[in-house]
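Coordinates in review
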Amino acid sequence: MFDFIRRHQRLVLIFLTVLIVPSFVVFGVHGLQEYAADASTIAKVGDQTVTRQEYDSVLRSQTERMQQMFGGAVDASQINTPEMRGAVLDNLIQQKLLLQETLKKNLSVPDAQVRDALLAIPAIAQMRRPDGSIDQAKYEQLLAAQNLTPQRLEAQIRFELASNQLPASVQASAMLPKAVLDRFAQLRAQQRDVSVLNFPVSDFAGKVVPTPQQIQAYYDAHKAAFQTPESAEIQYVVLDPKAMPAAAEAPASDDVLRKMYNDNLKQYTTQEERRASHILIASPADASPADHAKAKAKAEALLAQIKKNPNDFAKLASENSEDPGSKANGGDLGFFARDAMVKPFADATFALKADGDVSDVVKSDFGYHIIKLTGIKPQQTKSFDEVKGQLADQYRQQASAKAYAKLADQFTNAVYEQPDSLQPVADKLNLKVLSAKVTRTPDPSQAQSPLGNEKLLKAVFGDEALKNKRNTEAVDVGQGVLVSAHVVNYHPAATPPLAQIEAQVKEKAVADLADQEAKKAGEAKLDALKKGGDAAFGAAQTVSRDNPGKLSATALTAIFGADTTKLPAYVGVALGEGQGYAVYRISKVTQPAEQDAQRLAAEAQQLNQLAAQAEWNAWLGDLRARSKVKVVNDVTKAGS
C-alpha cells in the first residue's frame, strides 16, 4: 500500500486539491461516457465545453482553500488574480482534453484497482474496520463535507487511474542519455579557486555630494519608497469572555443536575463490547458462484476441524485466515461494539453466549467467517454520584455561556443603535475605550492583538466607518471575542513633500550615487585586468555549486558562467542592495577525482523525472494545438 501511495500521490491528496475537477465527475462507477456530458460557455474543447458553473465552482474552491491555508489572513481579492483565473481555466481545458483522449483510446481500470486506490487515501483507510469493511456512515459524512458522494468519488478515482495511463506511457519514453547525466554531474561538482577585489559603497559615500537637482531626481524616481501607508487613528472596545466576571448564579440543585444526568444518560453509558477472533476465507461480493462455493467449502472444512479441536482455533487462523489485519494474532480482533462491524458479523458475534463459543460459518460481503467469542464487556452506566461533579462543571459553563451571550447581544446592539460613539457601550458594560493607530494592511507587530484581525481592519476602512463616521459592527475576532471600533482620524496614503524628508532622501541619494561610483571603479579595474593589469586580490578560496562559501547567488552564477579556457579569468558583479561591486579572479578549475555513487543515482533519477515532465508538458501542448480549443470568454479580465 505504501508503494501505491508513493506512486499515486495525487490520489492521496484528493481531498486537498481540485486538480481533478469535481464538476467533471458526474458519471457512474462503471463508465466514462456520462462524464462527457456537455453544457456551455467559457471555452470549447472539441465537442465539449467548459461551463461557467464548473469554472466558478473550481475558482471558488481554490480561493477558499488558499484562504484556509493562510489562516484567513489573505483577502480573496489578493488571491483571485488574472494569473490564477487563467490557470484554473487552463486546468479545466487540460482535463477536458485528457478526458477526450482517455475515451478515444478506450482506457479503463478494473473495480479492484479503484477499491485499492480508495483504501490508499489515509482519511478513508482510517475508517476501515477490523473485518476489512469501511464504516459507511462516516465514509459518506466525510465525502459530504467535500461536496462528494461515494459514486462521484469512485468515478473521479476511476478517471484519474485511467487518465494516468496517458502520462505514464508518454513519460516512460523520456530518458536522458548517460553522456548528458555525466556532463551535468561534472558541472555540478566542478571547483574553482576564486579571489575577490571589493569596491564597497562605503569607500565612495564620503566623496559623493549630491546636488539639489540629483536629490530632486532621486525623490521623483522613488516616491513610492517614501510613501506613508493609509492609516487611521481609532478608538475601540473589546468584549472578551475571559475577562468577564464569573456568573453570579447560585450552584445548581441536585434536582437540576439529576435532570441533566437523565437527559444525557447515553453520554454516561458504555455500550456492550465483545472480543472475538475470526478466520476469514475471502470471497468478494462480485465473485463467481463457483468461487463462492469453493470458499464456503473451505470455511466449513475448517469449522469441522475446530469443532474436533477447539484449542486449535488460533493456529488454524494463523495458517488459513485471509484477513491480514488479524491473521498474525491468531485471528484476534480485540474488543469492539456491535456497530463497529458489518451486520452479519456483528449479529453472529453478539448471538454467542459465553467465552469459547464458536459460530457457524457466517457470510458477509468480504467472504466466509468463523467467529470465536473470547470476551464480554457488559454495558455499563456511570451512577449519578460518579458524574455529579462533572455535571456541576457543565452547569457552570452553560450558565457562563448564557450570561456572556446576553452581554454579546447587548454589546452588538449598543454599538449599532448608538453609532456615533463607543462611550455608551463602554459605560453600559463597564468596558474601557482604548486607542490605537492601525493600517489597512495588518501590522505584524499586532498579529496577536485584535487589531491584527483582517475582518476588523476591513470594517475600519469601510465606507460606514470612514465616510459615515459610525461605529463598526461588532466583529468576532476569534474565540468569542467581540470588537467594535470608531475612526477618530483618517490618513490616506501619501508621499511627504521633499522639504519635509529631504535629509532622508539625501541619505538614500548618496548611497545610490556611491553605488554607481563603486560600479564605475570596479568596471574600470575589470577592464584593466583583462588587458593584463594587476591588483591586490584577497586570499583565494575554493568554491563549487554545492559549496559556495559566503558567495551570493549572483556572484556564484557569474563565476561559474565565466569562460575559463584561459586562466586567470576575471568577472565583475554588481552585488546589489547597497553592497557595491566586486571583481573575482578565477585562478584554477578542478574536478573531484570521485563522486558519491548514491548521489549520482539520485541525481540521475531527478533529472529523468524533469525530462519526463518536460516530455509530458510538450505532449499536452501538442494535444492542445491539434485539438479544437477556443476560449469564448476571457476570464483573466476582472468581472468576466
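Residues numbered from 1 in each chain as written. Predicted model: local features only at pLDDT ≥ 70, side-chain atom pairs only at ≥ 80, totals over all residues. Heavy atoms only, no water.

If you check an unreviewed UniProt entry, the protein chain appears there as Periplasmic chaperone PpiD from Pandoraea fibrosis.

1. Remarks on the pairing of strand 4 (residues 231-239)
As a reminder of what qualifies: Here a strand pair is declared whenever DSSP counts at least two bridges between the two strands. Strands are runs of DSSP state E lasting at least 2 residues, helices are runs of H or I lasting at least 4, and numbering of each runs from the N terminus.
One ladder, built from six bridges, connects strand 4 with strand 11 (residues 434-439); its direction is antiparallel. Looking at the pairing, Ser-231 lines up with Thr-439 of strand 11. Examined bridge by bridge, strand 4 and strand 13 (residues 482-491) share nine bridges and lie antiparallel to one another. Within the sheet, the bridge partner assigned to Gln-235 lies in strand 13 and is His-486.

2. Digging into the sheet that holds strand 6 (residues 273-282)
Heads up, the rule is: In this analysis an axis means a line fitted to C-alpha atoms, helices contributing only their contacting stretch, and an angle means the value between N-to-C directions, from 0 to 180 degrees.
If you trace the four strands from one edge of the open sheet to the other, you get 7-6-9-8, paired in antiparallel fashion. At either end of the open sheet lies a strand with only one pairing partner, and these are strand 7 (332-337) and strand 8 (362-364). The average undirected angle you get between the axes of adjacent strands in this sheet is 45 degrees.

3. Observations concerning helix 10 (residues 178-189)
For clarity, the cut-off: Each residue after the first adds 1.5 Å to the expected span of a helix. Burial classes follow relative accessibility: with a 1.4 Å probe on protein chains only, a residue under 20% of its type's maximum area counts as buried, one over 50% as exposed, and anything between as partly exposed. Directions from the helix axis toward the C-beta atoms define the arc. Any two residues whose heavy atoms approach within 4.5 Å are treated as being in contact.
Between the first and last C-alpha of helix 10 there are 16 Å, a value that for twelve residues agrees with the 16 Å anticipated at 1.5 Å per step. Of all the positions in helix 10, only Leu-181, Ala-185, Arg-188 and Ala-189 are classed as buried. Buried residues in helix 10, looked at end-on, bunch into an arc of 90 degrees, giving them a common side. Among the structural elements, strand 3 (191-199), strand 14 (541-544) and helix 23 (597-625) are those in contact with the buried residues of helix 10.

4. Description of the pairing of strand 6
Most of strand 6 is tucked away: seven of the ten residues are buried. Sheet analysis places strand 6 next to strand 7, joined by four bridges and oriented antiparallel. Of the residues in strand 7, the one forming a bridge with Arg-274 is Phe-336. Taken together, the ten bridges between strand 6 and strand 9 (residues 367-377) define a ladder with antiparallel strand orientation. Looking across to strand 9, one finds that Glu-273 is bridged to Lys-377.

5. Some points on the nonpolar core
Cut-off, in case you're wondering: Among buried residues, those of type Ala, Val, Leu, Ile, Met, Phe, Trp, Tyr and Cys that are joined through side-chain atoms within 4.5 Å constitute a nonpolar core.
Judged by nonpolar contacts, the single largest core of 26 residues is most densely connected at Tyr-55, Leu-89 and Trp-619. Per element, the largest residue contribution to this core is nine residues, and it comes from helix 5 (residues 82-104). If we ignore the near neighbours within four places in the chain, the residues touching Tyr-55 are Ile-42, Arg-85, Val-88, Leu-89, Leu-92 and Val-635. Grouped together as the second largest cluster of nonpolar side chains are 18 residues, Tyr-236, Ala-436, Leu-456 and Leu-466 included.

6. Looking at the packing of aromatic side chains
Here is the rule: Any two of the Phe, Tyr and Trp rings considered here, Trp counted by its six-membered ring, make a pair once their centres fall within 6.5 Å; the pair's planes then place it as stacked at under 30 degrees, edge-to-face at over 60, or tilted in between. In this analysis the charged atom, NZ for Lys or CZ for Arg, is taken to sit over a ring once it is within 6 Å of the ring centre and within 35 degrees of the ring normal.
The final tally for this structure, using the stated rule, is eight aromatic pairs. Note on Tyr-218 and Phe-226: the rings are 6.5 Å apart at their centroids and 70 degrees apart in plane angle, and the pair reads as edge-to-face. Given the relative accessible area of 7%, Phe-226 is considered buried. With a centroid separation of 5.1 Å and 10 degrees between ring planes, the pair formed by Trp-616 and Trp-619 is classed as stacked. Of this pair, Trp-616 and Trp-619 are both found in helix 23, three residues apart, which corresponds to roughly one turn of the helix. In this structure Trp-616 comes out as buried when scored by relative accessible area, which is 8%. The structure contains a cluster of three or more aromatic residues connected by ring pairs, namely Tyr-218, Tyr-219 and Phe-226. Directly above the aromatic system of Phe-204 lies the positively charged group of Lys-207, at a separation of 5.5 Å from the ring centroid. Stacked on the ring of Phe-335, the Lys or Arg Lys-377 has its end atom at 4.4 Å from the ring centre.

7. Digging into the packing of helix 5 against helix 23
Operational definition: By the definition adopted for this analysis, an angle is roughly parallel if under 35 degrees, roughly antiparallel if over 145, roughly perpendicular if from 65 to 115, and oblique otherwise.
One can describe the packing of helix 5 onto helix 23 by two numbers: an axis separation of 11 Å at closest approach and a directional angle of 85 degrees. As summarised for this structure, helix 5 and helix 23 are arranged roughly perpendicular, according to the angle between their axes. Of helix 23, the residues touching helix 5 (which contributes Asp-90, Ile-93, Gln-94, Leu-97, Leu-98 and Glu-101) are Trp-616, Trp-619, Leu-620, Leu-623 and Arg-624.

8. Points about the pattern of salt bridges
Quick reminder of the rule: Salt bridge, as used here: a side-chain nitrogen of Lys or Arg that lies within 4 Å of a carboxyl oxygen of Asp or Glu.
Evaluated as defined, the whole model comprises 19 salt bridges. For Arg-599, the salt bridge is made with Asp-546, and the minimal N-O distance between the two is 3.0 Å. Placement of Arg-599 in helix 23 and of Asp-546 in the loop between strand 14 and helix 22 (553-561) is noted, with a sequence separation of 53 residues between them. Under the relative-accessibility criterion, Arg-599 is labelled partly exposed at 38%. Residue class for Asp-546 comes out partly exposed when judged on its relative accessible area of 32%. In this structure, a network of salt bridges that share partners links the residues Arg-188, Asp-546 and Arg-599.

9. Quick look at the packing of helix 12 (residues 212-221) against helix 21 (residues 498-530)
Basically, it comes down to this: For this classification, Asp, Glu, Lys and Arg are treated as charged, while Ala, Val, Leu, Ile, Met, Phe, Trp, Tyr, Cys and Pro are nonpolar and the rest, including Gly, are polar.
At a closest axis distance of 9 Å, the pairing of helix 12 and helix 21 adopts a crossing angle of 95 degrees. Of the possible angle classes, the one that applies to helix 12 and helix 21 is roughly perpendicular. Between helix 12, through Gln-214, Ile-215, Gln-216, Tyr-218 and Tyr-219, and helix 21, the contact on the second element is made entirely by Leu-498, Ile-501, Glu-502, Val-505, Lys-506, Lys-508, Ala-509, Asp-512 and Leu-513. Considering only residue class, the contact of helix 12 with helix 21 consists of eight nonpolar, two polar and four charged.

10. Description of the sheet that holds strand 16 (residues 581-590)
Taken in spatial order, the four strands make up an open sheet running 14-3-16-15, and their pairing is antiparallel. Since the sheet does not close on itself, it has two edges, and those belong to strand 14 and strand 15 (569-574), each with one partner. Averaged over neighbouring strand pairs, the angle between their axes works out to 40 degrees when direction is ignored. Against the sheet, helix 21 engages strand 3, strand 15 and strand 16, with an angle of about 35 degrees to strand 16. Here helix 22 sits on the sheet in contact with strand 3, strand 14, strand 15 and strand 16, set at roughly 155 degrees to strand 15.

11. Notes on unusual backbone geometry
Look at the link from Leu-567 to Pro-568: it is a cis peptide, with omega at 0 degrees. Checked against the element boundaries, Pro-568 lands in the loop between helix 22 and strand 15. Backbone geometry places Asn-430, a non-glycine residue, at a positive phi of 60 degrees. Here Asn-430 lies in the loop between helix 18 (423-429) and strand 11. Given a relative accessible area of 71%, Asn-430 falls into the exposed group.

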